[in-house]
Amino acid sequence: MYIGRFAPSPSGRLHFGSLVCALGSYLVARKRQGRFLLRIEDLDRPRCSDFFTKTIIKELEILGFDYDDKPYIQSLHQDNYFDAIDLLLKNKQAYYCNCTRAKLKEKECNCNLHQETIDLNKPYSIRYQIPSTLESFFIDELQGKVENTFTKSSITLKRADNIIAYNLACVVDDILQGVTQVVRGCDLIDITTTQRALYKSLGHEPISYLHLPLIMADSEHKLSKQNHATPVLDTDTPENLLLKALKVLKVNCENIHPQMSCQKILQTAVDNFNFDSLNRKNRIFLD
Ligand code: GLU
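Residues numbered from 1 in each chain as written. Predicted model: local features only at pLDDT ≥ 70, side-chain atom pairs only at ≥ 80, totals over all residues. Heavy atoms only, no water.

J.: How would you summarise helix H3 (residues 78-90) if you had to cite specific residues and measurements?
T.: End to end, H3 covers 19 Å across 13 residues, agreeing with the expected 18 Å (1.5 Å per residue, within 8%). Every buried residue of H3 is listed here: Tyr81, Ala84, Ile85, Leu88 and Leu89. Seen along its axis, H3 keeps its buried residues to an arc of 135°; they face one direction. Turned more than 90 degrees away from the buried face of H3 sit Asp79 and Lys90, all of them exposed. If you follow the buried residues of H3, they end up packed against strand E3 (72-73), strand E4 (94-97), strand E5 (125-129), strand E8 (154-158), helix H5 (166-176) and helix H6 (192-201). Positive backbone phi, approximately 60°, marks Lys92, located one or two places after H3. (Helix = DSSP H or I, 4+ residues; strand = E, 2+ residues; numbered from the N terminus. Expected span 1.5 Å × (residues − 1). Buried < 20%, exposed > 50% of the residue type's maximum accessible area, 1.4 Å probe, protein only. Arc of directions from axis to C-beta. Contact = heavy atoms within 4.5 Å.)

J.: For the packing of aromatic side chains, give the residues involved together with the corresponding values.
T.: Tallied over the full model, the rule gives seven aromatic pairs. When the ring of Phe138 is compared with that of Tyr209, the centres are 6.0 Å apart and the planes differ by 65°; the resulting orientation is edge-to-face. Of the two residues, Phe138 sits in strand E6 (residues 137-140) while Tyr209 sits in strand E10 (residues 208-212), which places them 71 residues apart along the sequence. Note on Phe138: relative accessible area 2%, which makes it buried. The class for Tyr209 is buried, based on a relative accessible area of 1%. Grouped by ring-pair contacts, the aromatic residues Tyr26, Phe36, Phe65 and Tyr67 constitute a single cluster. Lying across the ring of Phe137, Lys145 places its NZ or CZ 4.3 Å from the centre. Over the ring of Tyr124 we find Lys158; its NZ or CZ atom is 4.6 Å from the centre of that ring. (Phe/Tyr/Trp six-rings, centres within 6.5 Å; stacked < 30°, edge-to-face > 60°. Lys NZ or Arg CZ within 6 Å of the ring centre and 35° of its normal.)

J.: I'd like to hear about the sheet that holds E5, residue by residue, with values.
T.: Taken in spatial order, the three strands make up an open sheet running E4-E5-E8, and their pairing is antiparallel. Both edges of this open sheet fall to E4 and E8, since each of them pairs with a single strand only. Put simply, the sheet's adjacent strands are angled 40° from each other on average, direction ignored. The strands touched by H6 are E5 and E8; relative to E5, the strand with the most contacts, the crossing angle is about 95°. (Pairing = 2+ DSSP bridges. Axes fitted to C-alpha atoms, helices over the stretch in contact; angles between N-to-C directions.)

J.: Describe the side chain of Arg159, naming the residues involved and giving the relevant values.
T.: Structurally, the position occupied by Arg159 is in the loop between E8 and H5. Classification of Arg159 by relative accessible area gives buried; the value is 18%. Those residues in contact with Arg159 that lie beyond four places of it in its chain are Asp44, Pro46, Arg101, Tyr124 and Ser125.

J.: I'd love a proper account of the nonpolar core, names of residues and values included.
T.: Ranked by size, the top nonpolar core spans 49 residues in total, and within it Phe16, Leu19, Leu23, Leu27, Phe65, Leu242 and Leu246 carry the most contacts. Those elements that provide at least two residues to this core are helix H1 (16-31), strand E2 (35-40), helix H2 (50-62), E10, helix H7 (238-249) and helix H8 (262-272). No other element matches the 10 residues that H1 contributes to this core. Setting aside residues no more than four positions away along its own chain, Leu246 makes contact with Leu23, Leu27, Val251, Cys253, Ile256, Ile265 and Ala269. Core analysis: the second largest hydrophobic core is formed by 36 residues, Leu157, Ile175, Leu202 and Met216 among them. (Core = buried A, V, L, I, M, F, W, Y, C linked by side-chain atoms within 4.5 Å.)

J.: Mind laying out the sheet that holds E2, listing which residues take part and the relevant values?
T.: Within a sheet, neighbouring strands are paired by backbone hydrogen bonds and run either parallel or antiparallel to one another. The sheet built from three strands is open, its strands ordered E1-E2-E3 with parallel pairing. Bordering the open sheet on either side are strand E1 (3-6) and E3, each of which pairs with just one other strand. Docked against the sheet, H2 engages E1, E2 and E3, running at close to 155° with respect to E2.

J.: I'd love a proper account of the pattern of salt bridges, names of residues and values included.
T.: Counted under the stated rule, the structure contains 19 salt bridges. Here Arg13 makes a salt bridge to Glu59, at a shortest N to O gap of 2.8 Å. Of this pair, Arg13 sits in the loop between E1 and H1 while Glu59 sits in helix H2, and the two are 46 residues apart along the sequence. Look at Glu59 and you get buried, because its relative accessible area is 4%. Put simply, Arg39 and Glu41 hold a salt bridge, and the shortest N to O gap is 2.9 Å. When its relative accessible area of 0% is taken as the criterion, Arg39 is described as buried. (Salt bridge = Lys/Arg side-chain N within 4 Å of Asp/Glu carboxyl O.)

Written as structure tokens, this is what we have:
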């Protein structure tokens, strides 16, 4: 059974890029008669808030999305991430690190080479040692062959402030939720090979990936909550917004019009959805 998910971070309201991503992951899951899950990635507490968690859930409801389970809120499942870290430490695939952020910017961390000198009374992070057997590429269902461009030798699993990093939480939950394909924006394509390695280190075969076009604010920046992208529901009616997002994804909209309810628009879009016509660009500039 296909299991897909949409995994927003509640650091702001939904913007048009998040809508395209939610819609793309929804259409693929529903077209494949799979299950569709909503996961709220709220571990970065300084950036996320329960207010935005509630707001995003409400906004997705207004846009007509439905799920096969109640939303999975990462901050309520902290133990799972610490268990994964224990396993990686035990298998020597993770290590303790006293490097400051400033130091990490200057040079790569090599704390794995002198674990006996790490002071656990000082703030410490835990890092994943990316294995030398890392794949040089993976095949993305939409983007095709994607070469690995990530050259660092380690990534953060747990920050010194005790916050679990996105890459670990995402992989742990995709495994626990039985996700069979990750559909998300192309901004995360470069870290995918490392996430696939993490899958293997946690004893699982990596799953399939489909990276959707990224909606750009300008030639260098994606639309993002951090760049204060306009909340999408402030810009148009939910029905018009769904239509716009469907057009961006290149879904046939001939029999879809804004007088239909959001649920009807989504249902018709699932019927019309055709993988071959899905927009394969990795970036899209809106006019
Ligand atoms: N939470 C991530 C974001 O909002 C998405 C993670 C993912 O889909 O893997 O950018």
